Amino acid sequence: MSYILKKYSVYFLFVFILLCISCQEKKAVSRTEFVIGTICSIKIPESESSDRILNECFSELKNLELILSANDENSELSKVNNYACDRPIKVSSELYELIKLSKKIAVQTNEAFNPAIGQLVKLWNIGFDNAKVPEKNEIKNALTFTSVDNIELKGESEVFLKNRNTKIDLGAIAKGYLADKLVRLLKDKNVKSAIIDLGGNVFVLGKKFFTSNNWKVGLRDPKADSNDVFLSLELSNTSVVTSGIYERFFIKDGIRYHHVLDSKTGYPVKNNLVSVSVICESSTYADALATAFLVMGYEKSLNFLKNFSDQKLDVVFIFDDGTYKTTNEALILH
Ligand code: ADP
Ligand code: MG
């Protein structure tokens, strides 16, 4: 009798432990912090090391913010903007790598995405308290410094600004770059599935937690003030980055001025697009190209896509009449 009891208690203990393990596996943990000027959240499966991994992710974000921010006077990028016109400045591999890629994408997009736009961005200051509509001659003047040719890379680690007034702004690509860095970090830690959301710049790693299903990612309704979903996409192992005219703006004399600027005219982009979402495994490309497509407009973006083979990507264009077009209807959940 006592033998049987013993045998059963061992059995129950075993089942109990198994249940505990599977309960643990079935939980995901998320952390949300305000970093890089926006709300960032990362969600991964719970494990013994999940807290440590999340700590590392947020440290990585903070470290990279100190390098890439155009709004922090002490960042490495600000040092380049302030001093790289006197002589070439040696920079970190991250900054060098991102400026190099930004230059390449600027050339590919005929400067629709333009990292040399810093002076113009500061002139408008959209998203900050002192945003204003600049004088026409101020805009004309700023446009003489926005050629990407003014950014020169020397050797393997130096940046030189050929014009004293050329300033680099990586705001349209940095969040994508950070998302890719986090994906690499998570993969190194053997994390198989995760959602990274850096202020709407999303990466879904692997399949939905504890399933073999794709993730469902909603695109926000660009017209609604609320967080209504315009449409949902079914995805795995990819990034979705949206650039829209509704996120950062100010209103002056009844006119809305938003934060994506056309470096040909010097003014906020004006066409029939309200947002562009790019779906691409490289979040860096997705971010830069979402901005570029918003600037180019629908037709030019399609032409660009015909000749672009660096990355496989899909796009959802949302128009001001509430309709949308996509390069891949199969991604959309109906
Ligand atoms: P968000 O910052 O809302 O994610 P974007 O990725 O489109 O949106 O980046 C917009 C930011 O990029 C602006 O706030 C500005 O700093 C910078 N920017 C504005 N226009 C351009 C442009 N044509 N090319 C490159 N950067 C731009
Ligand atoms: Mg962008």
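Details of the structure are given in the entry above.
Residues numbered from 1 in each chain as written. Chains lettered and ligands numbered in written order. Predicted model: local features only at pLDDT ≥ 70, side-chain atom pairs only at ≥ 80, totals over all residues. Heavy atoms only, no water.

**Student:** How should I be thinking about the overall build of the protein in this particular structure?
**Tutor:** Looking only at helices and strands, the protein features nine helices and 16 strands. Here the protein holds 334 residues, and the buried ones make up 47% of them. A separation of at least 24 residues holds for 61% of the contacts in the protein among residues at least 6 apart in sequence. Put simply, the protein shows about 17600 Å² of open surface, and 51% of that area lies on carbon and sulfur atoms. Separation of charge centres in the protein, based on 42 positive and 41 negative side chains, amounts to 2 Å. (Helix = DSSP H or I, 4+ residues; strand = E, 2+ residues; numbered from the N terminus. Buried < 20%, exposed > 50% of the residue type's maximum accessible area, 1.4 Å probe, protein only. Contact = heavy atoms within 4.5 Å. Areas by Shrake-Rupley, 256 points an atom, 1.4 Å probe, with all protein chains shown as cover. Lys, Arg positive; Asp, Glu negative; His and termini not counted. Charge placed at Lys NZ, Arg CZ, Asp CG, Glu CD.)

**Student:** What should I look at first to understand the coordination of the magnesium ion (ligand 2) in this one?
**Tutor:** Octahedral six-donor coordination of a metal ideally yields angles of 90 or 180 degrees, compared with 109.5 degrees for tetrahedral four-donor coordination. Note on the magnesium ion (ligand 2): its protein donors are Ala172 (O), Asp287 (O), Asp287 (OD) and Thr291 (OG1). The metal-donor distances range over 2.1 to 2.5 Å. Within one chain, the residues donating to the magnesium ion (ligand 2) are spaced in sequence as A-x114-D-x3-T. Of the two residues, Asp287 and Thr291 are both situated in helix 8 (residues 283-296); the distance of four residues between them amounts to about one turn of the helix. Thr291 carries the same exposure label as Asp287, and that label is buried. (Donors = N, O, S within 2.8 Å, 3.2 Å for Na, K, Ca; no water.)

**Student:** Could you clarify how one ought to interpret the side chain of Ser92 in this entry?
**Tutor:** Within the secondary structure, Ser92 is located in the loop between strand 3 (89-90) and helix 4 (93-108). Among the polar contacts made by the side chain of Ser92, one reaches the side chain of Glu76 at a distance of 2.7 Å. Contacts of Ser92, omitting those with residues within four sequence positions, involve Ile67 and Glu76. (Polar contact = N/O pair within 3.5 Å; in protein donor to acceptor, adjacent residues only side chain to side chain.)

**Student:** Can you help me understand the site of ligand 1 in this one?
**Tutor:** Within the structure, ligand 1 sits among 18 residues, and Asn114, Ser243, His259, Leu261 and Thr291 are positioned closest to it. Measuring from a nitrogen atom of ligand 1, one finds a backbone N or O atom of Leu261 at 2.7 Å. Classifying every residue of the shell around ligand 1 gives eight nonpolar, five polar and five charged. (Near = heavy atom within 4 Å. Nonpolar A, V, L, I, M, F, W, Y, C, P; charged D, E, K, R; others polar.)

**Student:** Help me out: how do you make sense of the packing of aromatic side chains in this one?
**Tutor:** Two aromatic rings are characterised by how far apart their centres lie and by the angle between their planes. One pass over the structure, following the stated rule, counts twelve aromatic pairs. Ring centres 6.0 Å apart and planes at 40 degrees place the aromatic pair Phe209 and Phe210 in the tilted group. A relative accessible area of 12% means that Phe209 is categorised as buried. Measuring from ring centre to ring centre gives 5.6 Å for Phe293 and Phe304, while their planes differ by 65 degrees; the resulting arrangement is edge-to-face. Here Phe293, found in helix 8, pairs with Phe304, found in helix 9 (residues 298-307); they are eleven residues apart in sequence, far enough to count as distant. Pair check on accessibility: Phe293 and Phe304 agree, each one buried. A network of ring pairs unites the aromatic residues Tyr285, Phe293, Tyr298, Phe304, Phe308, Phe317 and Phe319 as a single cluster. The ring of Phe249 has Arg256 sitting right over it, with the charged end atom 4.0 Å from the ring centre. (Phe/Tyr/Trp six-rings, centres within 6.5 Å; stacked < 30°, edge-to-face > 60°. Lys NZ or Arg CZ within 6 Å of the ring centre and 35° of its normal.)

**Student:** Explain the sheet that holds strand 3 to me, please; I cannot follow it from the model alone.
**Tutor:** As a general point, the strands of a sheet are linked pairwise by backbone hydrogen bonds and lie either parallel or antiparallel. Spatial ordering of the open sheet is given by 3-5-4, a layout of three strands whose pairing is antiparallel. Of all strands in the sheet, those with a lone pairing partner are strand 3 and strand 4 (151-154), marking the two edges. Note: strand 4 against strand 5 (residues 158-161), four bridges, orientation antiparallel. Directly across from Ile151, in strand 5, lies its bridge partner Leu161. Relative to strand 4, helix 4 is tilted by about 130 degrees, and along the sheet it contacts strand 4 and strand 5. (Pairing = 2+ DSSP bridges. Axes fitted to C-alpha atoms, helices over the stretch in contact; angles between N-to-C directions.)

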